[in-house]
Amino acid sequence: MNILFISPIPIIPVSYFGGIERVTDILSRELQRRGHCVVFLCYMDKNVLSHNKFSAPQYYISENIDSDELERCRYIKIIERHKITHVVCQACNEHTANFVKYLPKPLQHKTVFTCHIVPFYSDMITRTRIWQTPTHNARQLVFKIVSFVFPCIYKLWFSNDHKKNFEAVFSIAKRICFISDKFYHNVITHIPNAPLEKFTYIYNPNTFDKQENVPTYCEREDAVLWAARVENTPKNIIGFLDTWKIFFQNHKDWKAYVVGDGNDLEYSKRYASKNHIKGIYFEGAQSCMELYYKKCKFFCMTSYWESWGMVVTEAMTFGCVPIAMNNYATLTDIIDDGVNGLICKPTAVEMAKKLNSIATDEEIWLELSNNAKQKAMNFDVSTIAQKWEQLLNGL
């Protein structure tokens with residue numbers, strides 16, 4: 001197969017770019033290893049194309065393809081040059097659907113749209129979460145205040161936007177692939193006549209390959225890891241800091257590592273200092289995450305919501321036992337509570353209790369760690385690529 005991936009932004013194979021780009025890069029490398037040809041096309045952030053480590057040929061076409069005949073011609077020439085046989089759209093929105101509209105008719109029937117986000121995630125928004133959202137200009141601040149006073153306006157605005165995008169995709173997509181079947185309900189609730197016969201799902205591939213030898217309990221530091229973009233909404237870094245403060249009261253020889261950068265990093269440091277939270281190390285963005293997965297015994301996931309949560313499967317690959325707040329639907333696709341990790345109620349007190357209950361129990365940790373490594377194999381890129389081959393070949 002000759003597969004074209006259409007994405008809003010370039011597919012950059014580095015960890016500080018988003019999950020969609022990383023997933024696409026990982027999957028495309030495996031597809032190429034299996035003998036398929038892969039091409040990338042983006043329609044935003046042209047300047048990023050100066051990056052020289054793309055894993056496949058990467059092109060930029062302006063999103064104004066409707067009004068720019070020259071861009072439409074360039075687009076068709078790319079398809080013809082690479083003899084594209086299948087198209088995977090990495091965003092379920094009007095802009096991406098517009099590109100499919102200009103494909104030759106036979107190729108339109110070989111097109112899959114992938115939904116990488118939580119459909120209608122605005123349903124999960126509360127006043128507390130709105131208030132915790134950082135703002136960076138006056139316009140954002142006004143929208144935040146109005147949304148806080150009238151949260152229904154916030155939800156309605158985002159809901160209408162999602163509905164408009166999905167309806168544009170439904171009209172042209174051959175299949176719509178979610179990252180979990182748990183998201184079907186979100187769509188049907190808002191769009192009762194959604195074409196269920198077009199729905200399918202494939203889990204996200206793991207970032208790392210299977211690890212044969214990982215450190216034992218005794219070989220690891222007495223340490224807990226939190227890794228994400230450091231923004232309180234939706235990552236809930238403050239929830240982790242509060243968890244750590246409670247846990248540290250009885251485990252003063254333990255450490256906590258916060259790995260990542262973001263708009264709330266400095267705020268988080270100030271929060272930790274103001275609340276006298278000790279034993280915590282802000283490591284910033286790191287390119288070698290496996291070092292942290294190997295040296296920490298536990299990984300904490302505190303996000304208010306996630307579409308998948310790649311860091312959880314990454315941690316499990318290295319036997320770093322995950323403990324997660326039960327805030328998002330796909331969590332139970334990854335963690336079987338009490339078998340390969342722990343799921344707790346979404347409060348700092350409950351997470352600290354879970355962590356405290358097994359922190360020094362080597363036997364329980366070993367069982368959870370081994371099971372976590374085994375479960376992570378379900379998301380190995382070879383397994384996920386095979387499912388994609390079956391989907392595309394079945395069109």
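You'll find the structure just up there.
As the structure is a computational prediction, the values presented were derived from the model and not from experiment. Per-chain numbering applies: the sequence of each chain, read as written, is numbered from 1 onward. Two thresholds apply to this predicted model, a pLDDT of at least 70 for residue-level local features and 80 or more for giving and counting side-chain atom pairs, whereas whole-chain, interface and lining totals are computed over all residues. To obtain the side-chain values, all non-hydrogen atoms of the structure were included, while hydrogens and water were left out.

Q: How do you make sense of the environment of Asp-264 when you look at a structure like this?
A: Secondary structure elements follow DSSP: runs of H or I of four or more residues count as helices, runs of E of two or more count as strands, with numbering from the N terminus. Within the secondary structure, Asp-264 sits in the loop between strand E9 (255–259) and helix H11 (265–274). A simple rule labels every residue: compare its accessible area, found with a 1.4 Å probe on the protein chains alone, to the largest value its type can have, and call it buried under 20%, exposed over 50%, or partly exposed in between. Assessed through its relative accessible area of 7%, Asp-264 is described here as buried.

Q: I would appreciate a short explanation of the pattern of salt bridges in the present structure.
A: Any carboxyl oxygen of Asp or Glu within 4 Å of a side-chain nitrogen of Lys or Arg constitutes a salt bridge here. For the structure shown, the criterion picks out 17 salt bridges. Note that Glu-350 and Lys-353 form a salt bridge whose closest N and O atoms lie 3.7 Å from each other. Linking Glu-350 with Lys-353, this pair stays in helix H15 (residues 348–358), spanning 3 residues, or about one helical turn. With a relative accessible area of 25%, Glu-350 lands in the partly exposed category. Within this structure, Glu-30, Arg-33, Arg-34 and Glu-389 form a network of salt bridges that share partners.

Q: Honestly, the nonpolar core in this entry has me stumped. Any pointers?
A: Among soluble globular proteins, nonpolar side chains are generally buried collectively. Tyr-75, Leu-225 and Phe-299 are the most contacted members of the largest nonpolar core, which has 68 residues in total. Tallying contributions element by element places helix H13 (residues 310–317) first for this core, with 5 residues. With residues near it in sequence (within four places) discarded, Phe-299 still touches Leu-225, Trp-226, Ala-227, Tyr-293, Val-311, Val-312, Ala-315, Cys-320, Val-321, Pro-322 and Ile-323. Tyr-217, Trp-244, Cys-344 and Met-351 belong to the second largest nonpolar core, which has 32 residues in total. We define a nonpolar core as any set of buried Ala, Val, Leu, Ile, Met, Phe, Trp, Tyr and Cys residues linked to one another through side-chain atoms lying within 4.5 Å. Whether two residues are in contact is decided by their heavy atoms: any pair within 4.5 Å suffices.

Q: Just to check I follow, could you spell out empty space enclosed by the protein for this structure?
A: A water-sized probe, rolled over the atoms, reveals where empty space remains. Using protein atoms alone on a 1 Å grid, points that fit a 1.4 Å probe yet trap it form a cavity, whereas open point sets bounded by protein on both sides within 12 Å along at least five of seven lines form a pocket; residues with an atom within 4 Å of a point count as lining. Grid points are joined across faces, edges and corners, and a volume is the space filled by probe spheres set on the points. Considering all chains together, one arrives at 1 cavity of 30 Å³ or more under this definition. For the largest cavity, the calculated volume is near 80 Å³. Considering the residues around the largest cavity, the lining is formed by 14 residues, among which Val-23, Thr-114, His-116, Asn-204 and Trp-388 are closest to the centre. Elements with a minimum of two residues in the lining of the largest cavity: helix H1 (19–33), strand E6 (175–178) and helix H17 (381–393). Three residue categories are used. Nonpolar comprises Ala, Val, Leu, Ile, Met, Phe, Trp, Tyr, Cys and Pro, charged comprises Asp, Glu, Lys and Arg, and polar comprises the others, including Gly. Classifying every residue of the lining of the largest cavity by side-chain character gives 10 nonpolar, 4 polar and no charged.

Q: What exactly am I supposed to notice about the sheet that holds strand E2 (residues 37–42) here?
A: Where strands meet in a sheet, backbone hydrogen bonds hold them as pairs that are either parallel or antiparallel. With parallel pairing, 7 strands are arranged side by side in an open sheet as E3-E2-E1-E4-E5-E6-E7. Because the sheet does not close on itself, it has two edges, and the strands there are strand E3 (58–60) and strand E7 (199–201). Adjacent strand axes in the sheet meet at a mean angle of 25° when their direction is disregarded. In short, DSSP must find at least two bridges between two strands for them to pair. Relative to strand E4 (residues 86–89), strand E1 (residues 2–7) runs parallel, the two being bridged by 4 bridges. Bridge pairing in E4 places Leu-4 opposite Val-87. Sheet strands in contact with helix H3 (residues 94–101) are E1, E2, E4 and strand E5 (111–115), and its direction is about 175° off that of E5. In this description, a line fitted to the C-alpha atoms serves as the axis of each element, helices being fitted only across the stretch in contact, and the angle between N-to-C directions of two axes falls anywhere from 0 to 180 degrees.

Q: Would you mind going over the environment of Asn-326 with me for this structure?
A: Tracing the backbone through its elements, the reader meets Asn-326 in the loop between strand E12 (321–325) and helix H14 (331–334). Looking at Asn-326, the relative accessible area reads 44%, which means it is partly exposed. With 18 residues separating them along the chain, Asn-326 and Cys-344 place their C-alpha atoms 5.8 Å apart. Dropping the residues within four chain positions of it, Asn-326 is found in contact with Leu-331, Ile-343, Cys-344 and Pro-346.

Read these as geometric descriptors, not functional statements.
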